[in-house]
Each structure stands twice: as C-alpha cells, then as structure tokens.
Amino acid sequence: MINLFNVDDDSNFKYMLESVGRSITVNDSPTEMKAIITNTSLNTNYDDRKISLLERLNRGDMIEYNGNRYMVISEVNDKRYSHYKGIMRHLPHEIIFNHRCMFETAHVYIENGNPSLIGGNVLTLIQDKITVNVPARSTSLQLTTGDTFMIQGNKFKIITNDTYSQPGISILTCERDQINPATDDVEHNIANGLACPINVTNQEPITVNVSETLQLNWTSPHDAPVEFVSSNNTIATVDAQGLVTGIAEGDVTITVTNVSNGYIFDTVRVSVVDVPDTKTINIVYDAPEQQNGDHYFIYYTETGIFTANVLPLDEPVSFELYADNKTSAVDTSKFTKVVSGNSIKITAKSSAYYLQIKAILDSDPSVYTWQRVRIRGFV
C-alpha cells in the first residue's frame, strides 16, 4: 500500500518505478536504470522533461531515453521525497569537435536568440555567434579557445568555454569561421579534418624478413594518437607502437589511423620475405693434432684427408688447389691428390712446401672457404 505521507520511505517510489518507470542510461553507462519521465510545460524552443530516479543525479549528466539524448540542466543537490529530481533538455545536435587533431562527438543544444531556431533543432543562422551547451560529464576533450566544429554546413570556432556558471555544463561561446575546402572536411562535416594528415615516412619499398621486425615511422600533427591495423595477421602483425613482425612470405597493407577520426589515415604496403639460411663450408683434417697456427701439416711420404662439411645441409663441393698466395698455380710435383666426393686426399712428395685448398659450393660458387696446408720433412 502506498503511504503518501512518509517522505523518507522510498518503497512507494520503487513501486512506481516498477509500474511505470522507463529504461534510461546515464553518461553512456552500459548499465540501464529505471526513471520516471514526465512532461513539463510546453516550450516552443526546447523539449524539456522532468526526470525522477533513485540513483544520484547531477547537472550535466547525459541521459539516453527512448532513442534520444537529453542533458540534466537543473541543479540537483539532494533527494526530494526519497528520490532525485531534475529537468532534462533534449540534445538535438550532434557535433564533432576538433581539439588539436583529436576529435570527439558530442550531443548538444544551441542558443542564439534567433526565432528561426525551433525546438533547438532547425538552425537557420542570421547572427554570427551562437552558444553551445555541452554535457561536460560525458566528454573527455578539454575544449579551449580556437577549437573548431561544423554544423549544418557552418563552421564555428570557440571563443570562450564557461565551465563555472553551471557546473557540469560547458557553455561555449562561438563565432562563425570561414570554411576552407583545403583544410575542412566538408563531406563529413568535420572542421579542419583535412589539416591533420597522417604520413608514414619509411622509404618504400618496405620489406621485412620472416621472424624479424621493422619499425614504422610516421607523423601526426600535435602527436594525435594513432592505431595500426594489418590487412593479414598471418603474413605480418603490427603492434600499438607500429612495430611490424614478419610471419610468412607475402604482402600486407598496414593502415595507420587517427584514433578519434577514422577518415584520417595512411596506408603502406609491406612485403615479407623469407631469407634462405646462410650456407657455410668448414674443412676438417683427419689428423687434427697436426696443426700449427693457421695451417695443417703433412709429413713427407704421408697422406692427409681433408673433408669439406657444408652447413646447414650437406651439399656437393669442388676443390681447387693454389700456391700459398692463393692466386698462382700449384706445383704438382710436391704432392699427389685424389678427390672423392667432398673429400680430398693429399700425399706429400717433398719436404718443404705450402699450398692452399679452396672448397667451393657447387650450387653457389660465391660460398667457399680456404685451408692452408704445409708439407714438411720427417718427424
């Protein structure tokens, strides 16, 4: 039973909420709540409503109700009859503010003392100045003098931002500004939207090896935040700092976009290449103890076997023999040789001679190695 005389008992109001309450959200919160919404006296300029709810209500709160946005314009200090009450005004205009190349959309209502402004919605400007009322509690930009916006084909810049007269509401005094097609994004109704270009500065063509990284460099006016997206993460990924990691061979497009304005972006093509493993040749001697500095030695009349090992996979090699200077012909009277696969067997026929063995990879002659050998007298 409703007790009309106990103003501190909120059970009566809770009953009304359950019966006739409407679903609303406050300041873009994902959590819905119930409120009693009623009409005010007819106002030819604005759509004002009364709102009552159990949760705390503040001037400047943005209310989403029945698909429309409203702002609490009355001062709300405390509960009245066990709940909070206020007046909210419809926000018919949606404006994109530009603050140092950071953009934010806000729902607002506009005043200009012009009789052609009907319902706060139809804007036919005769005057060059307007007052824009913004719900400060639901916006993150610190709007300042000189920040700009466009509305219905008109461009304005902010002259003053009054956040003191009515705490919770930013009262912007604005004046008309000249549209510049070179810097204003007229198509998307964004003031100075073309004056905030993003440019990737890496020299093209841009390539990165598989399993390696590449840092993208870019410019963004006023250091406006950007985000990175790869067209194919199975080929290359990119992190929040623009570091590209090659995953597999192929081409991807990396898009760098202004975080707050998807119309501002730059793209680059990145090629991921798979670099083949480096091939090396190492010559080993079957008598490794017979080594002195940079050379192996073979005693007179003895035989030494030198084997070329290829990494990472074994492949055929060819052998060439030179004098000690690596260019002159070798003196074949000093030794005999027998080649078998990747091994060469040398038998000493003298007691004092140096020669150079050159092992060359058959599949890639640019890959080779040298080994110095000394023929010496008896032990």
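Look above for the structure.
These numbers were taken from a predicted model, which means no experiment stands behind them. (Residues numbered from 1 in each chain as written. Predicted model: local features only at pLDDT ≥ 70, side-chain atom pairs only at ≥ 80, totals over all residues. Heavy atoms only, no water.)

### Re the overall build of the protein
Summing up its helical and strand segments, the protein has one helix and 30 strands in all. Its C-alpha atoms give the protein a radius of gyration of 41 Å, clearly above 21 Å, the size a compact globule of 379 residues would have. With the C-alpha coordinates aligned to their principal axes, the bounding extent of the protein is approximately 125 × 60 × 30 Å. In the protein, which comprises 379 residues, the proportion classed as buried is 42%. When contacts within the protein are restricted to residue pairs at least 6 apart in sequence, long-range pairs at least 24 apart make up 55% of them. For the protein, the computed accessible surface area is about 20400 Å², with 48% contributed by carbon and sulfur atoms. Side-chain charges of the protein comprise 29 positive and 45 negative groups, with the mean position of each set lying 2 Å from the other. (Helix = DSSP H or I, 4+ residues; strand = E, 2+ residues; numbered from the N terminus. Rg over C-alpha atoms; globule rule 2.2 N^0.38 Å. Buried < 20%, exposed > 50% of the residue type's maximum accessible area, 1.4 Å probe, protein only. Contact = heavy atoms within 4.5 Å. Areas by Shrake-Rupley, 256 points an atom, 1.4 Å probe, with all protein chains shown as cover. Lys, Arg positive; Asp, Glu negative; His and termini not counted. Charge placed at Lys NZ, Arg CZ, Asp CG, Glu CD.)

### Overview of the sheet that holds strand 23 (residues 291–292)
The five strands are arranged 23-24-30-29-26 in an open sheet whose pairing can be described as mixed. Sheet topology places strand 23 and strand 26 (317–323) at the edges, where each strand pairs with a single neighbour. (Pairing = 2+ DSSP bridges.)

### Some words on the pairing of strand 25 (residues 303–311)
Because side chains alternate across strand 25, one face comprises the buried residues Gly-304, Phe-306, Ala-308 and Val-310, and the other comprises Thr-303, Ile-305, Thr-307, Asn-309 and Leu-311, none of which is buried. Across six bridges, the pairing between strand 22 (residues 280–285) and strand 25 is antiparallel. For Tyr-285, the partnering residue across the bridge sits in strand 25 and is Phe-306.

### Looking at the nonpolar core
Ranked by size, the top nonpolar core spans 26 residues in total, and within it Ile-281, Phe-306, Phe-335, Ile-346, Leu-355 and Ile-357 carry the most contacts. Where this core is concerned, the elements lending two or more residues are strand 22, strand 24 (295–299), strand 25, strand 26, strand 28 (343–348), strand 29 (352–361) and strand 30 (368–376). At five residues, the largest contribution of residues to this core is made by strand 29. When residues no more than four places from it in sequence are discounted, the contact partners of Phe-306 are Ile-283, Val-284, Tyr-285, Tyr-296, Ile-298, Phe-319, Asn-342, Ser-343, Ile-344, Ile-346, Ile-357 and Val-373. Membership of the second largest hydrophobic core comes to 24 residues, among which are Ile-198, Val-226, Phe-228 and Val-244. (Core = buried A, V, L, I, M, F, W, Y, C linked by side-chain atoms within 4.5 Å.)

### Details of the pattern of salt bridges
Enumeration over the complete set of coordinates arrives at 13 salt bridges. A salt bridge links Glu-64 to Arg-69, with the shortest nitrogen-to-oxygen separation between them at 3.7 Å. On the basis of relative accessible area, Glu-64 is assigned to the partly exposed category, the value being 31%. Close ionic contact of Asp-128 with Arg-176 constitutes a salt bridge, the shortest N to O distance being 3.0 Å. Of this pair, Asp-128 sits in the loop between strand 8 (102–111) and strand 9 (129–135) while Arg-176 sits in strand 12 (residues 169–177), and the two are 48 residues apart along the sequence. Under the relative-accessibility criterion, Arg-176 is labelled partly exposed at 30%. Through salt bridges with shared partners, a single network forms among Asp-28, Glu-64 and Arg-69. (Salt bridge = Lys/Arg side-chain N within 4 Å of Asp/Glu carboxyl O.)

### Some remarks on the environment of Glu-187
With respect to the element layout, Glu-187 can be found in the loop between strand 12 and strand 13 (199–200). Here Glu-187 falls in the exposed class, since its relative accessible area comes to 71%.

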